[in-house]
Amino acid sequence: MNHTEVLTRYTANFVDELTKNGITDTVISPGSRSTPLALTIAEHEQMKEWIILDERSAAFFALGVAKATKRPVALVCTSGTAAANYFPAIVEAHYSRVPLIVLTADRPHELRDVGAPQAIEQIKLYGDYVKSFNEMALPEATPEMLGYVRSKAARSVYKAKEGNPGPVHLNFPFREPLHTDFSLENVWGDQNGGSYNPTFAGVKRLPEDDVNQLLEKFQSKERGLIVCGPQVDANVAKAISKLAASWRLPVLADPLSQVRAGEHDKTHVIEGYDAILRSEAIRASLKPDFILRFGAMPVSKPYRFYVQEHMDAMQFVVENDTGYREPAGNATEFIFADSILLCEDLITKSASVNFETNWLKTWQEINNVAKKHLLDGTESEITEGEAVSEMMEVIPDNSSLYVGNSMAIRDVDTFFMTTEKDISILANRGANGIDGMISSGLGAAATGKPTTLLLGDLSFFHDMNGLLAAKHYKLNLTILLINNNGGGIFSFLGQANEPKHFEALFGTPVDIDLGQAVAMYGGSHTVARHKSELKEALSASYKEQGLSVVEVQTERTANVDWHREKWQAIEQELLTKGE
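Residues numbered from 1 in each chain as written. Predicted model: local features only at pLDDT ≥ 70, side-chain atom pairs only at ≥ 80, totals over all residues. Heavy atoms only, no water.

## A word on helix α11 (residues 301-309)
- Every buried residue of α11 is accounted for by P302, Y303, Y306 and V307. Looking straight down α11, one finds its buried side chains confined to an arc of 145°; they lie on one side.
- Where α11 begins, the side chain of S300 points an oxygen toward the backbone nitrogen of Y303, at a separation of 3.1 Å. (Buried < 20%, exposed > 50% of the residue type's maximum accessible area, 1.4 Å probe, protein only. Helix = DSSP H or I, 4+ residues; strand = E, 2+ residues; numbered from the N terminus. Arc of directions from axis to C-beta. Polar contact = N/O pair within 3.5 Å; in protein donor to acceptor, adjacent residues only side chain to side chain.)

## Observations regarding the pairing of strand β15 (residues 451-456)
- Burial analysis of β15 places five of its six residues in the buried class, the great majority of the element.
- Looking at chain direction, strand β13 (residues 399-403) and β15 are connected through four bridges and run parallel. Looking at the pairing, Y402 lines up with L453 of β15.
- Of the pairings in the sheet, the one linking β15 to strand β16 (residues 477-483) comprises five bridges and is parallel in character. Bridge pairing in β16 places L454 opposite L480. (Pairing = 2+ DSSP bridges.)

## As for helix α7 (residues 208-219)
- Taking 1.5 Å of rise per residue, 12 residues should cover 16 Å, and α7 covers 16 Å from first to last C-alpha, within 8% of that figure.
- Taken together, the buried positions of α7 are occupied by V211, L214, L215 and F218. Buried residues in α7, looked at end-on, bunch into an arc of 100°, giving them a common side. Exposed and facing more than 90 degrees away from the buried side of α7 are D209 and E216.
- Packing partners of the buried residues in α7 comprise α8 (235-247), β10 (290-294), β11 (314-319), β12 (333-336) and α12 (339-348). (Expected span 1.5 Å × (residues − 1). Contact = heavy atoms within 4.5 Å.)

## Some thoughts on the sheet that holds strand β2 (residues 48-51)
- Spatially, β2-β1-β3-β4-β6-β5 is the arrangement adopted by the six strands of the open sheet, whose pairing is parallel. A strand with exactly one partner marks an edge of an open sheet, and here the two such strands are β2 and β5 (133-135). Within the sheet, the average angular offset between the axes of one strand and its neighbour, ignoring direction, is 20°.
- Summarising the sheet, strand β1 (residues 25-28) and β2 pair through four bridges and their orientation is parallel. Each bridged residue has a counterpart across the sheet, and for I28 the counterpart in β2 is I51.
- With respect to the sheet, helix α3 (residues 55-69) is in contact with β1, β2, β3 (73-77) and β4 (100-106), its orientation differing from that of β3 by roughly 170°. (Axes fitted to C-alpha atoms, helices over the stretch in contact; angles between N-to-C directions.)

## Details of the pattern of salt bridges
- Under the criterion given, the structure shown has 28 salt bridges.
- A salt bridge links R150 to E17; the shortest N-O distance between them is 2.8 Å. You can see R150 sitting in helix α6 (residues 143-161) and its partner E17 sitting in helix α1 (residues 3-20), a full 133 residues away along the chain.
- Classification of E17 by relative accessible area gives buried; the value is 1%.
- Here R260 makes a salt bridge to D413, at a shortest N to O gap of 2.8 Å. Highlighted residues: R260 in the loop between β8 (251-253) and β9 (269-270) and D413 in helix α15 (residues 407-415), separated in sequence by 153 residues.
- The class of R260 is buried, set by a relative accessible area of 0%.
- Overall, D413 belongs to the buried group, its relative accessible area being 1%.
- Linked by salt bridges that have partners in common, D16, E17 and R150 make up one network. (Salt bridge = Lys/Arg side-chain N within 4 Å of Asp/Glu carboxyl O.)

## So, the nonpolar core
- Residues W247, L292, F294, Y303, W363 and L454 are the most contacted members of the largest nonpolar core, which totals 91 residues.
- No other element matches α8, which puts seven residues into this core.
- Grouped together as the second largest cluster of nonpolar side chains are 52 residues, W50, V98, A445 and A446 included. (Core = buried A, V, L, I, M, F, W, Y, C linked by side-chain atoms within 4.5 Å.)

Spelled out as structure tokens, the structure:
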């Protein structure tokens with residue numbers, strides 16, 4: 001058996017096994033050393049390949065596909081710094097628990113550490129940011145080695161999905177020549193069986209004694225809060241709404257919790273808590289006895305202040321598998337159990353739980369006050385917060401909203417109210433970076449589901465390379481671009497009090513006509529200055545094919561003043577009512 005046949009059968013069996021374990025999408029960054037993997041993936045009928053030239057964009061594109069589909073996605077690149085360019089997205093995947101199968105090609109062992117071109121140290125390149133690392137054996141085509149390569153493929157997919165999902169890394173050393181031959185007989189190996197290593201995994205459920213022990217802790221309490229932070233399972237929303245109804249408790253729902261949108265009961269949902277809790281006096285007046293949190297820590301900084309100021313309240317954090325996501329530093333009891341099953345068990349066994357009825361009523365009343373002020377828009381020109389409100393009115397049902405970091409996610413937190421629409425809210429809140437956002441949004445759009453990407457001008461600038469995927473694959477994506485010519489979030493922070501260096505170091509205006517960048521990649525571009533224009537432009541974009549960018553231009557200082565006026569009006573009315 002010659003070198004080409006060995007290489008072909010080795011890679012073909014690996015790729016085929018990926019498909020047998022549910023991998024349907026692979027993002028390829030073109031290069032030479034990865035030729036065997038790239039060609040084999042492109043040749044396999046069960047695999048959809050996405051070719052993204054820029055490696056950083058490619059990795060964030062894969063992240064977006066994986067977030068939207070909730071399935072592992074494979075990534076392929078050549079050796080050298082190409083693999084290093086995947087690092088930011090792998091860090092995000094690690095912290096946001098997104099399954100990726102990262103396949104890096106490498107020089108063979110004899111060409112490492114000898115000055116060979118495009119050879120860097122790729123062994124455990126991503127450190128602890130991947131769940132597992134495998135240095136693959138040099139290609140062989142014996143039955144034992146084909147079994148080996150299939151086992152590695154199957155186990156890697158399982159590892160990426162197991163427990164808290166995340167990225168895994170396999171490094172493939174390939175000797176030249178790198179070409180393959182798909183005319184070989186039975187090139188894909190055994191096509192009659194399923195996975196080489198099938199796995200069966202259950203979910204965690206608390207024993208009955210533990211459920212009873214939890215309920216005993218709640219029985220003596222009167223004021224409880226259910227908090228739902230960022231998480232991706234839409235089915236959790238219904239379970240939490242049923243628990244809230246049974247216990248008559250308010251639900252502080254982060255916009256990324258999937259609780260604010262959908263057909264489930266939302267009468268207990270408090271969307272305005274970020275604005276409400278900005279007042280120290282109001283935070284003090286809303287002292288809870290306990291907090292039961294599902295998902296990650298909410299985006300809201302005022303909520304974190306609230307938790308820290310009431311550190312004597314019992315706090316429980318539910319994790320489906322494991323993890324200690326509690327950045328407030330309070331004493332916390334962790335419940336490692338499936339969220340839906342836990343809600344069901346707590347409802348079933350909580351007949352003796354009886355919380356204060358007025359507690360829920362109080363939260364609902366103050367939430368109505370907050371919403372009244374937040375949605376009261378009388379400005380002649382559209383503001384950043386109103387842009388979110390108007391977008392939510394026209395965004396299609398059964399669609400995805402991908403949200404950028406910094407001000408974008410915070411305005412969604414404040415101005416995205418409950419809706420019956422089925423909208424999946426996605427964001428890269430693992431590491432909270434502004435890089436790769438266009439690529440992630442396009443990755444979500446690649447699934448075929450209508451997708452809107454909300455982001456600021458700096459996030460747009462950071463990932464303009466990502467727009468090529470929209471042009472190349474004719475992907476339908478609406479981008480609502482909030483352009484305040486710089487980093488708007490810094491205007492809310494203490495750095496704004498240092499005017500001498502503020503613009504250069506924090507404001508960072510780029511002074512670019514972003515519409516020209518959109519045109520370069522074949523997209524349509526509209527500037528909306530009034531609410532009616534914005535809704536009209538967004539509505540039209542959802543009917544168009546390809547990339548549509550609707551830009552809202554704002555001024556950073558005016559934006560800060562507008563937000564603070566809203567918060568002050570809410571605080572003043574609530575404190576007056578409480579007198």
